[in-house]
Amino acid sequence: MFNNFEKKTGVKMDEVMKLAQSLQGANFKDEKTIRNVINKVSRLANKPVSKSKEDMIVKAILNDKVPKDLSSIEKMIKKKR
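Rules behind the numbers
Residues numbered from 1 in each chain as written. Predicted model: local features only at pLDDT ≥ 70, side-chain atom pairs only at ≥ 80, totals over all residues. Heavy atoms only, no water. Helix = DSSP H or I, 4+ residues; strand = E, 2+ residues; numbered from the N terminus. Buried < 20%, exposed > 50% of the residue type's maximum accessible area, 1.4 Å probe, protein only. Contact = heavy atoms within 4.5 Å. 1 Å grid on protein atoms, 1.4 Å probe; cavity = no way out; pocket = protein on both sides within 12 Å on 5 of 7 lines; lining within 4 Å. Points joined across faces, edges and corners; volume = space filled by probe spheres on them. Nonpolar A, V, L, I, M, F, W, Y, C, P; charged D, E, K, R; others polar.

(A) Highlighting the overall build of the protein. Looking only at helices and strands, one finds 5 helices and 0 strands in the protein. Secondary structure of the protein in N-to-C order comes out as α-α-α-α-α. Each principal axis of the C-alpha atoms in the protein carries an extent, and together these give about 35 × 30 × 25 Å. In the protein, buried positions account for 15% of the 81 residues. Pairs at least 24 residues apart make up 34% of the contacts formed inside the protein by residues separated by at least 6 positions.

(B) Here's a closer look at unusual backbone geometry. Phi angles above zero are rare outside glycine, and Asn46 is one such case at about 55 degrees. Its location among the elements puts Asn46 in the loop between helix H3 (31-45) and helix H4 (51-62). One non-glycine residue, Asp64, lies in the positive phi region at around 55 degrees. Assignment of secondary structure puts Asp64 in the loop between H4 and helix H5 (70-80). Residue classification places Asp64 among the partly exposed positions, given a relative accessible area of 45%.

(C) Looking closely at the layout of surface pockets. Approximately 590 Å³ is the volume found for the largest pocket. Of all elements in the fold, only helix H1 (2-9), helix H2 (13-23), H3 and H4 reach the threshold of two or more residues within the lining of the largest pocket. For the lining of the largest pocket, the element with the most residues is H3, which contributes 6 residues. The class makeup of the residues in the lining of the largest pocket is 14 nonpolar, 2 polar and 1 charged.

(D) Representation of the environment of Glu6. With respect to the helices and strands, Glu6 occurs in helix H1. Relative accessible area serves as the criterion here: at 28%, Glu6 is assigned to the partly exposed category. Remark: the alpha-carbon pair of Glu6 and Val16, spanning 10 residues in sequence, is separated by 10.0 Å. Beyond its immediate sequence surroundings of up to four residues, Glu6 is in contact with Val11, Lys12 and Met13.

Below, the structure is given as structure tokens:
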């Protein structure tokens, strides 16, 4: 499973795990923290995030518009297909 993830994304699982560990206890009500996380993920995935998209993500997180559990995320993904 991890090999498929690495092949599809080009991101090594150990890097994902390091990121996950660094996010434990992060204050996601703090805009600066959220922007730092977005930038870390963007660099890790080698996918640039425009300022407008970053602003949209920050706003969604600060306004609790982001799903908090896996089933909600799955429903959201299925809707967009």
